[in-house]
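What follows is the residue order along each chain.
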Amino acid sequence: MTIDKSWMQIRKRSNSTVFWQGLQSFLQMAKSHVNDRGFIRCPCNRCINNAQHQLEVLESHIHRFGFMSDYNEWIYHGENVNAASSSNVPQPNSGVHDRDEMFEVLEDIISNDAEVDQLGSQSSNVQYDDLFTALNSELYPGVSSFSSLNFLVKLMHLKVMNKWTNKSFDELLKLLKLAFPKMDLVESHYEAKKLMTKMGLGYQSIHVCKNDCALFWNENSMSETCPVCSESRWKMQAGRRTGKNVPHKVLRYFPLAPRLKRLFATSKTAKLMRWHQAGKSTDDNVMRHPVDGRAWKDFERKHPEFADDVRNVRLGLAADGFNPFNNMSISYSMWPVVMTTYNLPPWLCMKPEYLMLSLLIPGPQSPGKDMDVFLQPLIEELKELWENGVDTRDASNDRKIFKMRAALLWTVNDFPARSSLSGWSGQGYKACPTCNEDTPSMRVIGKTAYFGHRRFLPSTHRWRSNLDFDGRTERKRPPRRFSSVDIMDQLRRVKTTISGKHPNYGGVKRKRGDDELNWRKKSIFYELPYWAEIELKHNLDVMHIEKNICDSLLGTLMGDPHKSKDTDNARRDLQNLGIRSELHLYEDGNKLMKPAAEYTFSDANRRKFCRFVRSVKFPDGFAANLSKNVAQNDSRIVGLKSHDCHVIMQRLLPVGCRSLVNKTISSTIIELCTFFNQLCARTVNVTDMVKAQDQLVIILCKLERIFPPAFFDIMIHLVLHLPEEAILGGPVYMRWMYPFERYLKRLKDYVRNAAKPEGSISEGYVVDEALTFCSRYFDDIETRFNRPDRNDDGIHRTRRLFVFESQCKPMGKQSQVYVEKNVRDKAEFYILNNSLEIETYLKVHAPEVTPELLSLASKSNIVVSSYPACIVNGVRFVTHARDVRLKTQNSGVSVPGIENEIFYGQLQEILEFSYLNDFSVVLFKCKWFRCDSRRMVTENNITSINITSESYKDDQFILASQAQQVFYVEDPSRGPNWRVVQHVNHRSIWDITEDGMSDIDLLQDNSSSNFTLFVDLGNLPQINLQRNDGDVIPIVQPFTTVSQHVNETASFLNDDDEEDVSEEDDETVEESADEETDEGNDAVDTEEDDDDHSYHTSDSD
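Residues numbered from 1 in each chain as written. Predicted model: local features only at pLDDT ≥ 70, side-chain atom pairs only at ≥ 80, totals over all residues. Heavy atoms only, no water.

A. A look at the overall build of the protein chain. Scanning the protein chain from terminus to terminus reveals 30 helices and 35 strands. For the protein chain, buried positions account for 59% of its 1101 residues. Long-range contacts, defined as pairs at least 24 residues apart, comprise 71% of the intrachain contacts of the protein chain with a sequence gap of at least 6. Of the roughly 46,100 Å² that the protein chain leaves accessible, carbon and sulfur atoms contribute 48%. (Helix = DSSP H or I, 4+ residues; strand = E, 2+ residues; numbered from the N terminus. Buried < 20%, exposed > 50% of the residue type's maximum accessible area, 1.4 Å probe, protein only. Contact = heavy atoms within 4.5 Å. Areas by Shrake-Rupley, 256 points an atom, 1.4 Å probe, with all protein chains shown as cover.)

Okay, here's the thing in structure tokens:
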């Protein structure tokens, strides 16, 4: 039967019935010849049978680009299949490699948009014309391994990975053109970026009123003036518009739906979007992902139709301000809004490759209370994604179309940004968003103190009647729990405010009414249909809370004049309250003297603590080299970043303060630090958090007995609510600001034109986004997805015998050594004794003789290879002899015993024993410390060990694969021969069995249950808070008698009224400092933050 193919030559295809009928008959024939994915070669004039698409894409392509004129025998689509080798049949372009990865890239990109392509419409596929032209072009005549597009994408990827400048890239292109004149390559970086942008998802530019009153968007898109303040949309000069319309501000909006769809467009990520269902914990008491938290479960219970499809996306939102310039003296605050996808596994969802920039709010001023104005486009899209969803192709399910919906679970912000997003002011007497109007607070000199945590105790608790806290009996009940109904009732009483900063409109200061509490506005998030019912709407950021508490504790202990809370006014507060008379200021002649407090270090102890911090050496990649933060004269510790405070709070402060302050004070500080260890664990136990909730009340009450009320800023109080939020949201490492702060550094690197930082970031992000998507398909170059870790030990051959699996990646110079016979016998005995297969031999006496078993039965080579360092299972180990010369510490080892005891030691030698048939075993020869009750002591979760007593001198070997890394720090409380053991949990090691990658912050311990938070509930200690060393501090300031100051401030004791706070009081502009760099170590912390990021302020006298 002859097939009519005359329709192929018709040029006016849009209105041709003949062409339409012929095309349908062709598609009907091709339908039975698609592959198992539903794909078939596309014979349009652009793809020319090189690319494969689904049938609906074929239909769109052929109608738009026409049918190949020389493809007369449809051998790939069902006609004359046996003639596939006929020489007169045009074959796919033989000049381009048939396995070019870019074919698959473009297939996935285009097929994901195919459902919106309508026959005869102006398809968006026109943007891919230049890409297909480059794809079908040979890079160089006769070179079939690279298409022009493939080479350019990989070259651009190398530029981004290695941070080449645009100028260096242009110079490289010129050199390539000069060396290879016939090379089909773009002329400049500008042209390359234009081509890459076609694979990106783009963004929308939305003009903004100069006063942040409104967006020129939707119904206001054509307006020339602001609908609120009537200011011109355009910049003016001398009262006249410039020659070109230039808007005052431009908001960049990156649509969310296309970016979510692209996660499903490739099989490399589509399957991972279901992980939250398959990977959730089977134990209701164990949380390792937000899916295990109570808030997630409650959301699915309330919205079962959303939970039915596991592919529906759960999102988190983070917003923070940063300065895009390296010159921090320039005041500029730009606010990116970043989204993360919680469907992904925990080791992926917080990686920068999976974070999505959604909004870029322009500077130079912080949006403050007008944040909702800028969030409008995002909220509208989130409403659409919730109510109607969007058609999406699922590459993991035969590319079938499903209706993808999305919901915002919560936001992650520091406390000032939280105020802008939630509408609840973070200042004043009612600053706590959880305690709401019942926030425990009191007025002290010059500030509000969040003091009075005895009210959280049971009504019959004896501490309630103790007058040593604030001179009064505590009779208040614990704060109420406010339901979503209560919150909505409060919001109904909030008056509608005018947005913007115009002095005659939104910029007018307004006093809040008593019935408005601390609400400044009703947040725009309440426009989302489900938002009011969400249990955990805005997360308290553990990163900044921990940093501020560390700064307060360390500053007060060290007596730092800039960060100490033990100020002169704090002492006057004690006198006004009539408590702790030993710490009151007193007059000595014409001088005002301040007694030294027990909770501050003496000068000698301050130097001891600084020397202790200076002596600490961390494992490779664990933390920054903190010795650089210690002043030369050992008097101060300065310049701490957030991650430095993280390490000090959880690792160093509990150890360093034990012998330097009163035991009651040190034990209370250790209890607080232990809680942060529990909270920041990778796996959180619900029972631990329930217990911590009650124990934190005791800890805060003990702190109130020790420190003055001025010590208790809002950050101290917020600690009380962290356990409950952990129960609701799951582990904090997926709900804190560390990954988002680091992401700001990536955005900052996009700035090439300092005059247009927002434009630079937007263009750079779109190109980087396209390259990141393409790099998922590349295996022949290093990408973000296949690059080895810093401590990657490579791929080892699989062995049948367990002992031969003990391999490593050697580092340093290899030495050939002769081992004494008795030592070699001990090593071989250990190898045999740890081979499970030998037990089978002893029982059966007739094992299968394999080359490995034969090699093991033979003696090892008398010559042994020795190395100074190696990498085992992603962990770097260094012998102690070399370790002492480095600024890092990688020689500490531990190994579990048969009865669950743990042995600790130092790595002395790394030895590789060679056997027949190229088999080998790597052993660690270690010095083991004696671990009896006299030489190893555990107190308050701190394990100290005496390193002078050695044990197991005749049994020093372990398999390299058995070693677990620890590091040791000095124990100032026990003497020079004692060390505190610190366990290390590495980022590439997970207890979750799952194929693929793994990555998370190094510092998290495996489980919160690894730390026991024990709080002494005995009688409240009666301690004298004046140091007995006789130190007093003269106050250098204009002299005011104590009695005069008491008379001036005594009225604050009865001040229970609402503080007079205007709406603008808590508009905090947050700026980020330069990224932390560390020459000694590779610091895990790369977020940008400086003292401006700290919420608390130093008290001034």
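B. Examining the nonpolar core more closely. One finds Leu260, Leu408, Phe609, Leu653 and Phe676 to be the most contacted residues of the largest nonpolar core, which totals 190 residues. No other element matches the 11 residues that helix H21 (residues 686–706) contributes to this core. Residues contacting Phe609, with those up to four places away along its chain left out, are Leu554, Met558, Phe601, Ile637, Leu653, Gly656, Cys657 and Leu660. (Core = buried A, V, L, I, M, F, W, Y, C linked by side-chain atoms within 4.5 Å.)

C. A look at the pattern of salt bridges. Inspection of every chain in the model, using the stated rule, returns 53 salt bridges. A salt bridge links Lys501 to Asp212, with the nearest nitrogen and oxygen atoms 2.9 Å apart. Of the two residues, Lys501 sits in the loop between helix H15 (484–492) and strand E17 (538–540) while Asp212 sits in the loop between strand E3 (204–208) and strand E4 (215–216), which places them 289 residues apart along the sequence. Its relative accessible area of 25% is what places Lys501 among the partly exposed residues. In this structure Asp212 comes out as buried when scored by relative accessible area, which is 1%. For the salt bridge of Lys859 with Glu828, the shortest nitrogen-to-oxygen distance reads 3.1 Å. Of the two residues, Lys859 is situated in the loop between helix H28 (851–857) and strand E23 (863–867) and Glu828 in helix H26 (residues 821–833); the sequence distance between them amounts to 31 residues. Looking at Lys859, the relative accessible area reads 54%, which means it is exposed. Residue Glu828 is classed as buried on the basis of its relative accessible area, which comes to 7%. Overlapping salt bridges, with partners in common, bring together Asp212, Lys249, Lys369, Asp370 and Lys501 in one network. (Salt bridge = Lys/Arg side-chain N within 4 Å of Asp/Glu carboxyl O.)

D. Structural detail: the packing of aromatic side chains. A complete count under the given rule lists 39 aromatic pairs for this structure. Consider the rings of Phe929 and Tyr968, whose centres lie 5.8 Å apart with planes at 75 degrees: the pair is edge-to-face. Of the two residues, Phe929 sits in strand E28 (residues 920–929) while Tyr968 sits in strand E33 (residues 964–970), which places them 39 residues apart along the sequence. The residues Phe929 and Tyr968 share a single accessibility class, namely buried. Aromatic rings pair up to connect Trp7, Phe19, Phe26, Phe67, Tyr71 and Trp74 into one cluster. A cation over a ring is seen here: Lys154 above Phe778, with NZ or CZ 5.1 Å from the ring centre. (Phe/Tyr/Trp six-rings, centres within 6.5 Å; stacked < 30°, edge-to-face > 60°. Lys NZ or Arg CZ within 6 Å of the ring centre and 35° of its normal.)

E. Up close: empty space enclosed by the protein. Counted under the stated rule, the structure contains 6 cavities of 30 Å³ or more. Estimates place the volume of the largest cavity at around 290 Å³. With 5 residues, helix H25 (residues 757–775) is the single largest residue contributor to the lining of the largest cavity. When its residues are assigned to classes, the lining of the largest cavity shows 10 nonpolar, 1 polar and 7 charged. (1 Å grid on protein atoms, 1.4 Å probe; cavity = no way out; pocket = protein on both sides within 12 Å on 5 of 7 lines; lining within 4 Å. Points joined across faces, edges and corners; volume = space filled by probe spheres on them. Nonpolar A, V, L, I, M, F, W, Y, C, P; charged D, E, K, R; others polar.)

F. Seen up close, the side chain of Gln650. Within the secondary structure, Gln650 sits in helix H19 (residues 642–656). A polar side-chain atom of Gln650 sits 3.4 Å from the main-chain carbonyl oxygen of Phe676. (Polar contact = N/O pair within 3.5 Å; in protein donor to acceptor, adjacent residues only side chain to side chain.)

G. The environment of Phe26, seen in detail. Summarising the element assignment, Phe26 is placed in helix H1 (residues 17–30). What makes Phe26 buried here is its relative accessible area of 0%. Expressed as a C-alpha distance, the spacing of Phe26 and Gly78, which sit 52 residues apart in the sequence, is 9.2 Å. Setting aside chain neighbours within four positions, we find Phe26 in contact with Trp7, Pro43, Ile62, Phe67, Trp74 and His77.

H. Main features of the sheet that holds strand E21 (residues 809–811). The strand order across the open sheet formed by 3 strands is E21-E24-E25, and the pairing between neighbours is antiparallel. Taken across any chain shown, the strands that pair with only one partner, and hence form the sheet edges, are E21 and strand E25 (875–878). Ignoring strand direction, the axes of neighbouring strands in this sheet form an average angle of 25 degrees. Of the strand pairs in this sheet, strand E24 (residues 869–872) and E25 are connected by 4 bridges, and their pairing is antiparallel. (Pairing = 2+ DSSP bridges. Axes fitted to C-alpha atoms, helices over the stretch in contact; angles between N-to-C directions.)

I. Highlighting the sheet that holds strand E9 (residues 313–319). Taken together, the 8 strands give an open sheet; going across it, the order is E4-E3-E7-E11-E10-E9-E14-E17, and neighbouring strands pair in mixed fashion. Strands at the two margins of the open sheet, each flanked by one partner only, are E4 and E17. Pairing geometry for E3 and E4, over 2 bridges, is antiparallel. The residue of E4 that forms the bridge with His207 is Phe216. The sheet contacts of helix H14 (residues 415–422) involve E9, strand E10 (335–341), strand E14 (406–413) and E17, and relative to E17 the element is tilted by about 165 degrees.

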